[in-house]
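# Inside the fold
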Amino acid sequence: MAFVTGTALLAALVVGCSADSGTDGSAADSKPGEETVAAAAPGKYRTLPEPCRTVETSTLKDLLPGAAELTEEQQQKVYEGTASVTYDTDRRVGCSWKSEDPSSSHTLFIDFERVVSYDPAVSDDDRAREVYTKKETAAGLSSPSATPDAAKSAENAVDKEKGAEKGAEKGAGKDAGKKQTSAASDDASDPTSHALSGPTPEDDSTDAATDPSTGGESTDDGTGAPDESLQPRVLDDLGDSAFLDDLLTRAGSTAQHRTVKVVFRTSNVIVTVEYADQPTVSTVVPDSKELQEKAQALARKLVEKFSE
């Protein structure tokens with residue numbers, strides 16, 4: 001009868017185990033028919049610019065004419081702007097400016113939102129496109145690419161990721177102290193409101209009904225006929241996608257307040273520009289054409305800033 005020594009038996013066992021384990025462990029981890037899903041590409045932008053330094057002083061002087069009547073020290077304070085409160089400056093930032101003179105007051109607000117997808121199968125750009133589409137749809141507009149299916153997809157994506165983003169916000173809130181938070185998912189589900197603090201006309205919340213004499217629409221000949229070129233619309237030559245909204249409201253019971261909003265997307269960042277004018281004389285209606293031209297001009301400069 002043949003006997004195998006202990007040393008020989010141990011060597012045989014080691015050789016057998018080594019042969020079964022493979023060289024890279026892939027045999028043990030892989031499963032028949034299982035495919036590896038590649039993660040979607042990250043967005044172009046990983047950070048956001050400092051908003052209060054994004055608008056040049058020469059542009060602010062044009063948009064805020066009332067500042068010209070102030071002292072040099074007061075002008076500097078106006079042009080510095082007021083940064084919006086946010087819990088994560090890599091995800092969302094904003095800045096606002098305001099000037100007043102005897103005839104009117106002007107306010108400017110810009111908001112930068114960097115969209116991040118929490119779904120590895122959905123790229124940041126695609127997620128940003130969905131968020132933008134929802135904002136455009138909420139404004140009552142629709143671009144050729146913003147089909148009903150795309151809008152529905154945007155709503156579903158927002159609802160799906162809301163829990164994940166709220167969880168991230170809750171974790172960040174422990175270290176943020178008394179800072180206010182701005183959840184991007186909440187803003188996406190309600191595109192008509194700011195997650196950040198923007199300019200608000202005095203007493204506007206008490207009576208913000210659309211002016212019945214014009215229906216919130218500008219006229220081009222003084223006859224009351226709306227100028228179609230100034231209506232809220234999709235813009236074809238601004239960023240990847242863009243739209244313009246124009247709203248005339250009553251601030252309190254007298255002054256008329258007009259706000260022009262330009263929203264555009266560039267890759268995974270959504271930019272909002274709001275420019276508003278409120279004359280002190282109740283019979284004066286803010287010029288829609290002038291406000292729209294200036295808001296669009298600023299938006300184009302911001303597109304260039306992000307392209308640098």
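This report concerns the structure included in the present document. (Residues numbered from 1 in each chain as written. Predicted model: local features only at pLDDT ≥ 70, side-chain atom pairs only at ≥ 80, totals over all residues. Heavy atoms only, no water.)

### Overview of the pairing of strand β7 (residues 269–279)
Basically, it comes down to this: Three labels apply to residues, based on accessible area from a 1.4 Å probe with only protein chains included: buried if under 20% of the type maximum, exposed if over 50%, partly exposed otherwise in between. Helix and strand definitions here come from DSSP, where helices need a minimum of 4 consecutive H or I residues and strands a minimum of 2 consecutive E residues; each element is numbered from the N-terminal end. Strands are treated as partners if at least two bridges between them are detected by DSSP.
Burial analysis of β7 places 11 of its 11 residues in the buried class, which makes it a mostly covered element. With 11 bridges connecting them, strand β3 (residues 104–114) and β7 associate as antiparallel partners. What sits directly across from S104, in β7, is P279. Here nine bridges tie strand β6 (residues 256–266) to β7, and the two strands are oriented antiparallel to one another.

### With respect to the pattern of salt bridges
The criterion, for reference: Salt bridges are defined by distance alone: a side-chain nitrogen of Lys or Arg within 4 Å of a carboxyl oxygen of Asp or Glu.
Counted by the stated rule, this structure contains 10 salt bridges. K294 is the partner of D62 in a salt bridge, and the nearest nitrogen-oxygen pair spans 3.5 Å. On the criterion of sequence distance, the pair formed by D62 in helix α3 (residues 57–63) and K294 in helix α8 (residues 288–307) is long-range, its members being 232 residues apart. The partly exposed category is assigned to D62, whose relative accessible area is 42%. Of the charged contacts in the structure, one is a salt bridge between K294 and E290, with a shortest N-O distance of 3.1 Å. Highlighted residues: K294 and E290, both in helix α8, separated by four residues, approximately one helical turn. Among the ionic contacts, a cluster of salt bridges with common partners joins D62, E290 and K294.

### A short note on the pairing of β6
Here is the key point about a regular strand: its side chains alternate between the two faces of the sheet. Among the 11 residues in β6, 10 count as buried, and that is most of the element. Once β6 ends, the chain turns through two residues before running back antiparallel as β7, passing S267 with a positive phi of about 55 degrees.

### Quick notes on the nonpolar core
Convention followed: Here, the term nonpolar core denotes a set of buried Ala, Val, Leu, Ile, Met, Phe, Trp, Tyr and Cys residues that are joined through side-chain atoms within 4.5 Å. Contacts: residue pairs with any heavy atoms within 4.5 Å of one another.
Counting 34 residues, the largest nonpolar core has I110 and V273 as the members making the most contacts within it. If you list the elements that add at least two residues to this core, you get α3, α4 (72–80), β2 (92–100), β3, β5 (241–250), β6, β7 and α8. Broken down by element, this core gets its largest block of residues, seven residues, from α8. Discounting chain neighbours no more than four positions away, the residues touching I110 are P51, V55, V93, G94, C95, W97, T272, V273, L298 and L302. Among the nonpolar cores identified, the runner-up in size contains eight residues, and V115, Y132, L141 and I270 belong to it.

### With respect to α4
Heads up, the rule is: Working note: the arc is built from the helix axis to C-beta atom directions.
Looking only at α4, the buried set comprises Q75, V78 and Y79. In an axial view of α4, the angular spread of the buried residues amounts to 95 degrees, which keeps them on one side of the axis. α4 presents E73 and K77 as exposed residues on the side facing more than 90 degrees away from its buried surface. Looking at the packing, one finds that the buried side of α4 touches α3 and β2. G81, located one to two residues past α4, shows a positive phi value of around 75 degrees.

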